[in-house]
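Report on the structure
Below, each chain spelled out in residue letters.
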Amino acid sequence: MNIRIGYGWDSHEFQAGAPLKLGGLAIDHPQGLAGHSDGDVLLHAITDALLGALAVGDIGSFFPPGDPRWKDADSSIFLNLALDEVRTAGYRIVNIDTTLVLAAPKIGPIAGDLRERVAELLQIPPGAVGIKAKTPEGLNLDHVAQAHAVVLLERSESDDELKLLAAEAEDDNAVDHVLSELASEALGVPSRRTTPLPAFDTEDIT
Ligand code: MG
(Lines give C-alpha, C1' and ligand atoms only; values in the text may rest on other atoms or scores of the structure.)
Protein backbone atom coordinates (compact mmCIF):
# COMPACT_ATOMS: atom_id res chain seq x y z
CA MET A 1 0.00 0.00 0.00
CA ASN A 2 1.54 3.26 -1.08
CA ILE A 3 -0.66 6.05 0.19
CA ARG A 4 -0.06 9.29 2.02
CA ILE A 5 -2.36 11.61 3.94
CA GLY A 6 -2.06 15.39 4.17
CA TYR A 7 -3.72 18.03 6.30
CA GLY A 8 -3.97 21.80 5.82
CA TRP A 9 -5.55 24.63 7.76
CA ASP A 10 -5.79 28.36 7.09
CA SER A 11 -7.52 31.45 8.40
CA HIS A 12 -8.18 34.91 6.94
CA GLU A 13 -9.97 37.96 8.32
CA PHE A 14 -12.94 39.51 6.54
CA GLN A 15 -12.47 42.98 5.12
CA ALA A 16 -15.32 45.23 3.97
CA GLY A 17 -15.44 45.93 0.26
CA ALA A 18 -12.87 43.31 -0.76
CA PRO A 19 -13.87 40.70 -3.35
CA LEU A 20 -14.60 37.27 -1.86
CA LYS A 21 -12.92 34.23 -3.40
CA LEU A 22 -13.53 30.74 -2.04
CA GLY A 23 -12.42 27.53 -3.71
CA GLY A 24 -11.50 29.47 -6.84
CA LEU A 25 -15.02 30.93 -7.14
CA ALA A 26 -15.87 34.63 -7.02
CA ILE A 27 -18.74 34.93 -4.52
CA ASP A 28 -21.13 37.85 -4.23
CA HIS A 29 -20.73 39.09 -0.63
CA PRO A 30 -20.23 42.53 0.97
CA GLN A 31 -16.93 41.39 2.53
CA GLY A 32 -13.90 39.59 1.16
CA LEU A 33 -10.89 38.00 2.83
CA ALA A 34 -7.82 40.08 3.52
CA GLY A 35 -4.48 38.70 2.36
CA HIS A 36 -1.41 39.36 0.26
CA SER A 37 -2.94 37.12 -2.43
CA ASP A 38 -6.67 36.87 -3.21
CA GLY A 39 -7.19 35.47 0.32
CA ASP A 40 -8.78 32.21 -0.87
CA VAL A 41 -8.67 30.42 2.47
CA LEU A 42 -10.06 27.16 1.06
CA LEU A 43 -7.47 26.83 -1.73
CA HIS A 44 -4.71 27.71 0.75
CA ALA A 45 -5.77 24.89 3.10
CA ILE A 46 -5.98 22.40 0.20
CA THR A 47 -2.56 23.53 -1.09
CA ASP A 48 -1.02 22.96 2.35
CA ALA A 49 -2.71 19.55 2.58
CA LEU A 50 -1.15 18.50 -0.76
CA LEU A 51 2.30 19.78 0.20
CA GLY A 52 1.94 18.24 3.66
CA ALA A 53 1.10 14.83 2.21
CA LEU A 54 4.44 14.94 0.37
CA ALA A 55 6.26 16.46 3.38
CA VAL A 56 7.89 19.05 1.11
CA GLY A 57 7.10 22.22 3.04
CA ASP A 58 4.16 24.57 3.18
CA ILE A 59 2.63 27.36 1.13
CA GLY A 60 4.89 29.95 2.82
CA SER A 61 8.08 28.10 1.89
CA PHE A 62 7.07 27.92 -1.78
CA PHE A 63 5.70 31.47 -1.96
CA PRO A 64 7.81 33.61 0.38
CA PRO A 65 6.12 36.44 2.31
CA GLY A 66 6.47 39.87 0.77
CA ASP A 67 7.18 38.62 -2.76
CA PRO A 68 5.53 41.22 -5.05
CA ARG A 69 4.60 38.55 -7.61
CA TRP A 70 1.94 37.15 -5.29
CA LYS A 71 0.23 40.47 -4.49
CA ASP A 72 -3.48 39.85 -5.20
CA ALA A 73 -2.44 36.59 -6.91
CA ASP A 74 -5.03 34.05 -7.97
CA SER A 75 -4.59 31.25 -5.42
CA SER A 76 -5.05 28.62 -8.12
CA ILE A 77 -1.38 29.39 -8.92
CA PHE A 78 -0.42 28.01 -5.50
CA LEU A 79 -2.69 25.00 -5.95
CA ASN A 80 -1.22 24.23 -9.39
CA LEU A 81 2.30 24.22 -8.00
CA ALA A 82 1.27 21.76 -5.28
CA LEU A 83 -0.43 19.62 -7.92
CA ASP A 84 2.79 19.57 -9.94
CA GLU A 85 4.67 18.43 -6.84
CA VAL A 86 2.17 15.60 -6.39
CA ARG A 87 2.58 14.46 -10.00
CA THR A 88 6.35 14.80 -9.97
CA ALA A 89 6.44 12.50 -6.94
CA GLY A 90 4.32 9.96 -8.88
CA TYR A 91 1.16 10.37 -6.84
CA ARG A 92 -2.43 11.06 -7.73
CA ILE A 93 -5.25 12.39 -5.54
CA VAL A 94 -7.69 9.75 -4.30
CA ASN A 95 -10.00 12.23 -2.58
CA ILE A 96 -10.03 15.40 -0.51
CA ASP A 97 -12.34 16.54 2.26
CA THR A 98 -12.73 20.07 3.55
CA THR A 99 -14.57 22.04 6.22
CA LEU A 100 -15.07 25.78 6.08
CA VAL A 101 -15.74 27.58 9.38
CA LEU A 102 -17.40 30.94 8.86
CA ALA A 103 -20.48 32.89 9.92
CA ALA A 104 -21.34 34.15 6.43
CA PRO A 105 -22.02 33.72 3.59
CA LYS A 106 -24.05 30.52 3.86
CA ILE A 107 -22.14 27.78 2.04
CA GLY A 108 -25.07 25.36 1.55
CA PRO A 109 -26.49 27.07 -1.56
CA ILE A 110 -23.07 27.27 -3.24
CA ALA A 111 -21.51 24.00 -2.00
CA GLY A 112 -22.25 22.26 -5.31
CA ASP A 113 -20.57 25.02 -7.30
CA LEU A 114 -17.59 25.02 -4.92
CA ARG A 115 -17.24 21.26 -5.31
CA GLU A 116 -17.33 21.49 -9.11
CA ARG A 117 -14.75 24.28 -9.19
CA VAL A 118 -12.33 22.64 -6.73
CA ALA A 119 -12.66 19.34 -8.61
CA GLU A 120 -11.94 21.15 -11.88
CA LEU A 121 -8.85 22.85 -10.43
CA LEU A 122 -7.56 19.54 -9.02
CA GLN A 123 -8.54 17.62 -12.18
CA ILE A 124 -10.43 14.98 -10.20
CA PRO A 125 -14.13 13.98 -10.25
CA PRO A 126 -16.53 16.08 -8.13
CA GLY A 127 -17.35 12.90 -6.22
CA ALA A 128 -13.80 12.97 -4.85
CA VAL A 129 -14.24 16.42 -3.28
CA GLY A 130 -15.98 16.97 0.05
CA ILE A 131 -17.18 20.49 0.88
CA LYS A 132 -18.64 21.06 4.33
CA ALA A 133 -19.24 24.17 6.41
CA LYS A 134 -19.82 25.09 10.03
CA THR A 135 -20.56 28.36 11.77
CA PRO A 136 -18.04 29.35 14.47
CA GLU A 137 -20.45 28.86 17.36
CA GLY A 138 -19.05 30.09 20.66
CA LEU A 139 -15.69 31.06 19.17
CA ASN A 140 -16.34 34.79 18.78
CA LEU A 141 -14.79 34.54 15.31
CA ASP A 142 -17.54 35.86 13.06
CA HIS A 143 -14.98 38.22 11.46
CA VAL A 144 -12.81 35.31 10.28
CA ALA A 145 -13.04 32.48 7.75
CA GLN A 146 -11.15 29.27 8.46
CA ALA A 147 -10.67 26.21 6.29
CA HIS A 148 -9.53 22.68 7.10
CA ALA A 149 -8.56 20.17 4.40
CA VAL A 150 -7.40 16.58 4.31
CA VAL A 151 -6.17 14.81 1.21
CA LEU A 152 -5.37 11.18 0.42
CA LEU A 153 -2.71 10.46 -2.21
CA GLU A 154 -1.93 7.14 -3.87
CA ARG A 155 1.30 6.38 -5.68
CA SER A 156 0.83 4.92 -9.11
CA GLU A 157 2.14 1.37 -9.57
CA SER A 158 2.04 1.63 -13.35
CA ASP A 159 5.19 2.73 -15.19
CA ASP A 160 3.08 4.22 -17.99
CA GLU A 161 1.04 6.30 -15.55
CA LEU A 162 4.19 7.43 -13.72
CA LYS A 163 5.64 8.63 -17.04
CA LEU A 164 2.40 10.43 -17.87
CA LEU A 165 2.29 12.16 -14.47
CA ALA A 166 5.92 13.26 -14.83
CA ALA A 167 5.26 14.57 -18.35
CA GLU A 168 2.22 16.56 -17.18
CA ALA A 169 4.20 18.11 -14.33
CA GLU A 170 7.10 18.90 -16.69
CA ASP A 171 4.77 20.56 -19.20
CA ASP A 172 3.34 22.75 -16.46
CA ASN A 173 6.80 23.59 -15.18
CA ALA A 174 7.97 24.51 -18.68
CA VAL A 175 5.04 26.89 -19.13
CA ASP A 176 5.55 28.30 -15.63
CA HIS A 177 9.24 28.86 -16.35
CA VAL A 178 8.51 30.82 -19.54
CA LEU A 179 5.84 32.92 -17.78
CA SER A 180 8.21 33.54 -14.89
CA GLU A 181 10.98 34.71 -17.22
CA LEU A 182 8.56 37.00 -19.07
CA ALA A 183 7.33 38.48 -15.77
CA SER A 184 10.92 38.93 -14.71
CA GLU A 185 11.75 40.88 -17.86
CA ALA A 186 8.54 42.93 -17.92
CA LEU A 187 8.16 43.72 -14.23
CA GLY A 188 11.72 43.56 -13.00
CA VAL A 189 10.82 41.00 -10.36
CA PRO A 190 13.09 38.05 -9.65
CA SER A 191 12.44 34.76 -11.46
CA ARG A 192 10.57 32.12 -9.56
CA ARG A 193 12.94 29.50 -8.28
CA THR A 194 12.32 26.03 -9.69
CA THR A 195 13.56 24.14 -6.63
CA PRO A 196 11.76 25.06 -3.42
CA LEU A 197 13.73 25.59 -0.27
CA PRO A 198 13.08 22.86 2.28
CA ALA A 199 12.23 25.49 4.86
CA PHE A 200 9.05 26.38 6.68
CA ASP A 201 7.87 29.92 7.06
CA THR A 202 5.40 30.52 9.81
CA GLU A 203 4.56 34.01 8.60
CA ASP A 204 1.66 33.21 6.31
CA ILE A 205 0.67 36.23 4.33
CA THR A 206 -0.84 34.35 1.42
MG1 MG B 1 -3.74 31.93 3.56
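Residues numbered from 1 in each chain as written. Predicted model: local features only at pLDDT ≥ 70, side-chain atom pairs only at ≥ 80, totals over all residues. Heavy atoms only, no water.

**A closer look at the coordination of the magnesium ion**
Heads up, the rule is: For Na, K and Ca the donor cutoff is 3.2 Å, while for all other metals N, O and S atoms must lie within 2.8 Å; water is not among the atoms, so some sites may look incomplete. Only protein chains enter the accessibility calculation, which uses a 1.4 Å probe; a residue is then buried when its area is under 20% of its type maximum, exposed when over 50%, and partly exposed in between.
Around the magnesium ion, the donor atoms from the protein are Asp10 (OD), His12 (NE2) and His44 (ND1), and they sit 2.0 to 2.3 Å away. Mapped onto the polypeptide sequence, the residues donating to the magnesium ion form the spacing pattern D-x1-H-x31-H. Residue Asp10 shares its accessibility class with His12, and that shared class is buried.

**Considerations on the packing of aromatic side chains**
Put simply, the rule is: Ring pairs are drawn from Phe, Tyr and Trp, using the six-membered ring of Trp, whenever the two centres fall within 6.5 Å, and their geometry is named by plane angle: stacked under 30 degrees, edge-to-face over 60, tilted for the rest.
Applying the stated rule across the entire model yields 3 aromatic pairs. Summarising the aromatic geometry, the rings of Phe63 and Trp70 are spaced 4.8 Å apart at their centres and angled 90 degrees between planes, so their arrangement reads as edge-to-face. Overall, Phe63 belongs to the buried group, its relative accessible area being 1%. Residue Trp70 is classed as buried on the basis of its relative accessible area of 7%. With 6.0 Å between their ring centres and 80 degrees between their planes, Trp70 and Phe78 make a pair best called edge-to-face. On the basis of relative accessibility, which here comes to 0%, the residue Phe78 falls in the buried class. By the ring-pair criterion, three or more aromatic residues cluster together here, those being Phe63, Trp70 and Phe78.

**Structural notes on the pairing of strand 7 (residues 144-155)**
This is how it is decided: At least two DSSP bridges between two strands are required for those strands to pair. Only DSSP runs of H or I with at least four residues qualify as helices, and only runs of E with at least two residues qualify as strands; both kinds are numbered from the N terminus onward.
In the sheet, strand 1 (residues 3-16) pairs with strand 7 via 11 bridges, with the strands oriented antiparallel. Paired with Gly6 across the bridge in strand 7 is Val151. Sheet topology note: the strand 5 (residues 91-101)/strand 7 ladder contains 10 bridges and is antiparallel. Of the residues in strand 7, the one forming a bridge with Thr99 is His148.

**Overview of the nonpolar core**
Counted only if it meets this: Nonpolar cores were defined as sets of buried Ala, Val, Leu, Ile, Met, Phe, Trp, Tyr and Cys residues, with membership established by side-chain atoms within 4.5 Å. Any two residues having at least one pair of non-hydrogen atoms within 4.5 Å are treated as being in contact.
Judged by nonpolar contacts, the single largest core of 48 residues is most densely connected at Leu22, Ile46, Leu50 and Leu122. Every element with two or more residues in this core is listed here: strand 2 (20-22), helix 1 (41-54), helix 2 (59-62), helix 3 (76-88), strand 5, helix 4 (111-122), strand 6 (129-134) and strand 7. If you tally residues by element for this core, the top one is helix 1, at 10 residues. Excluding residues that lie within four positions of it along the chain, Leu22 makes contacts with Ile27, Leu33, Asp40, Val41, Leu100, Leu102, Ile107 and Leu114.

**Thoughts on the side chain of Asp10**
So the rule is basically this: Note that His is not counted, nor are the chain ends; the positive residues are Lys and Arg, and the negative ones are Asp and Glu. We define a salt bridge as a contact between a side-chain nitrogen of Lys or Arg and a carboxyl oxygen of Asp or Glu at a distance within 4 Å. Pairs of N or O atoms within 3.5 Å make up the polar contacts considered here, provided that, within protein, one atom can donate a hydrogen while the other can accept it, and that residues adjacent in sequence are counted only when both atoms are side-chain atoms.
Among the secondary structure elements, Asp10 is positioned in strand 1. No salt bridge forms around the buried Asp10; measuring N to O, its nearest opposite-charge neighbour Lys21 is 14 Å away. Within the local environment of Asp10, its side chain forms a polar contact with the side chain of His12, the two groups lying 3.0 Å apart.

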